[in-house]
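# Overview (structure and organization)
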Amino acid sequence: MEIEELRKEWQSIKTPQIALDRIKDMTIEKSHPVLSGIRKQLTIELIGWSAFLIICFTGLDAGQKPILANTILLMAVVFPMIFNIYGYRLSKELIAGPDISSSLKNRIGSLKRFAIISVLLRIMLITGVGYFFISTVNITQGKLMLLGAGSMFLIFPLYMLVRIWTKRIGKLNDTLRLLKEHS
Amino acid sequence: MSEREFLTMIQDNQRIIHKVCRIYRDSPEDREDLFQEIVFQLWRSYPSFRGGSKSSTWLYRVALNTAMASFRKNKPNVISAEYLPDIQFEDINYEGNERQEKLLASIRQLSEPDRALIALYLDELSYQQIAGILGISENNVGVKLNRIKLKLQKLIK
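Because the structure is a prediction, the values reported are computed rather than measured.

### Re the overall build of chain A
Within chain A, the regular secondary structure consists of 6 helices and 0 strands. In chain A, the order of α-helices and β-strands from amino to carboxyl end is α-α-α-α-α-α. Computed over C-alpha atoms, the radius of gyration of chain A comes to 24 Å, more than 25% over the 16 Å expected from 2.2 N^0.38 for 183 residues, which places it beyond the range of a compact globule. Along the three orthogonal principal directions, the C-alpha set of chain A runs to about 80 × 45 × 25 Å. For chain A, the proportion of its 183 residues judged to be buried stands at 34%. Within chain A, contacts between residues at least 6 apart in sequence are counted, and of these 74% link residues at least 24 apart. Between the averaged position of the 23 positive side-chain charges in chain A and that of its 13 negative side-chain charges there is a distance of 10 Å.

Structure follows, in structure tokens:
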């Protein structure tokens, strides 16, 4: 097909008409499927970690552990929760510039910062929780090995998190590179 | 401008959003999600739209930006009770004639930035408008389009 024919075909593609009230629904944050999924996940995490903190501070002899261990545990759990709110805001902001190149560039920058901080906070969470539990325990070789084996279960999700972010940011970088390159 | 004016503008120009969904997503479910995401992003960007550019140019910019910047869900296509498909959404997956389907399928084989360039070109936007939307030089638009047109014609043959 010649280009003019392609143009005619493109312009004559029939598209459906979505009703005004349905379009209005789509502008509402509460009806956004991805954002409601994230909100649900954040709520579940908040409830879960709050329950975890209550159990740690009331049922696991927190009073006999050093104040430092209690403080570290609290910070290790609370900081990622607060940072998740920033993550939620970031997932709404897809348009980050006056044109597509600058928007993609700015978004890549924001996602990189978010990914790095989120991985660091996850490491902080693992070490904070670990430190709380071992702060009053005499570490023997057997317990150390047990701790090592246990931490492997926590490192795997961390590896998956790094992989997901690397893939997402890599895809956006590729798109931006292809857009800017002179062919 | 009011919410009513915004909704009317989207309704009048929704063919642009439908076409962007058709060239950036393969499955009907992904197209539905993208359509909703684009409308949501348009509504969020609306306060910064002062009418300085044509509404179709602004709409294209936000729609293409959303299509390229959003991530696809990696989950099986399970329909939750909260989002049962309605008649209007089923229509999004409307299929055109064979030649049009072939054109759309060929465009989907191009890279994501190339899909944006050819869509804007086929809708008769000027090089200046295309350059403004994408944030690249007019000269680069011309060079890229020459290559994309040849590639597209080969894919369609």
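After that view of the structure, there is still more to cover.
### Comments concerning the interface of chain A and chain B
Every contact between the two is made by 57 residues of chain A and, on the other side, 69 residues of chain B. Carbon and sulfur atoms make up 61% of the surface buried where chain A meets chain B, a total of about 6,200 Å² over both sides. A per-residue breakdown of the area chain A buries against chain B is headed by Trp10(A), Leu20(A) and Ile100(A), which together make up 13% of the total. The interface formed by chain A and chain B includes 4 salt bridges. For Glu112(B), the salt bridge goes to Lys171(A), with nearest N and O atoms at 3.5 Å. Residue assignment for the side of chain A that touches chain B shows that the elements contributing at least two residues are helix 1 (3-11), helix 2 (20-26), helix 3 (33-59), helix 5 (100-134) and helix 6 (141-180) of chain A. Here the side of chain A that touches chain B is built from residues that sort into 24 nonpolar, 14 polar and 19 charged.

### Considering the UniProt feature "transmembrane region" (unreviewed entry) in chain A
All names here are of chain A. In this structure's numbering, the residues bearing the UniProt feature "transmembrane region" (unreviewed entry) are residues 42-60, 66-86, 114-134 and 146-165. Taken end to end, residues 66-86 is 95% helix and 0% strand, and its first and last C-alpha atoms sit 31 Å apart. The distance from the first to the last C-alpha atom of residues 146-165 is 30 Å, and the span holds 100% helix and 0% strand.

### Examining the pattern of salt bridges
Across all of its chains, the model carries 14 salt bridges over all chains by this definition. With its nearest N and O atoms 4.0 Å apart, the salt bridge here joins Arg44(B) to Glu93(A). Separated into two different chains, Arg44(B) in helix 3 (residues 28-45) and Glu93(A) in the loop between helix 4 (67-92) and helix 5 make up a pair that spans both. Given the relative accessible area of 35%, Arg44(B) is considered partly exposed.

### Quick notes on the packing of aromatic side chains
One pass over the full model with this rule turns up 15 aromatic pairs over all chains. Ring centres of Phe132(A) and Phe133(A) lie 5.5 Å apart, and the angle between their planes is 80 degrees; this geometry places the pair in the edge-to-face category. Take Phe132(A): its relative accessible area is 0%, and that puts it in the buried class. Given the relative accessible area of 35%, Phe133(A) is considered partly exposed. A centroid spacing of 4.5 Å and a plane angle of 20 degrees characterise the contact between Phe49(B) and Trp58(B), whose relative ring orientation is stacked. One exposure class covers both Phe49(B) and Trp58(B), and it is buried. Here a set of aromatic residues connected by ring pairs shows up, and it is made of Trp49(A), Phe52(A), Phe57(A), Phe132(A) and Phe133(A). The positively charged end of Arg7(A) is found above the aromatic ring belonging to Tyr121(B), 4.3 Å away from the centroid. Sitting over the ring of Tyr24(B), Arg115(B) keeps its end group 5.3 Å from the ring centre.

### Details of the domain arrangement of chain B
All names here are of chain B. Per the domain assignment, the segments of chain B are domain 1 (1-94) and domain 2 (97-157). Tallying the contact residues gives 16 residues for domain 1 and 14 residues for domain 2. A per-residue breakdown of the area domain 1 buries against domain 2 is headed by Arg22, Ile23 and Tyr60, which together make up 42% of the total. Taken together, domain 1 and domain 2 are joined by 3 salt bridges.

About the cut-offs
Residues numbered from 1 in each chain as written. Chains lettered and ligands numbered in written order. Predicted model: local features only at pLDDT ≥ 70, side-chain atom pairs only at ≥ 80, totals over all residues. Heavy atoms only, no water. Helix = DSSP H or I, 4+ residues; strand = E, 2+ residues; numbered from the N terminus. Rg over C-alpha atoms; globule rule 2.2 N^0.38 Å. Buried < 20%, exposed > 50% of the residue type's maximum accessible area, 1.4 Å probe, protein only. Contact = heavy atoms within 4.5 Å. Lys, Arg positive; Asp, Glu negative; His and termini not counted. Charge placed at Lys NZ, Arg CZ, Asp CG, Glu CD. Buried area = accessible area lost by both parts, 1.4 Å probe. Salt bridge = Lys/Arg side-chain N within 4 Å of Asp/Glu carboxyl O. Nonpolar A, V, L, I, M, F, W, Y, C, P; charged D, E, K, R; others polar. UniProt positions renumbered as here; feature names shortened; annotations may be inferred. Phe/Tyr/Trp six-rings, centres within 6.5 Å; stacked < 30°, edge-to-face > 60°. Lys NZ or Arg CZ within 6 Å of the ring centre and 35° of its normal. Domains from an automatic or database assignment.

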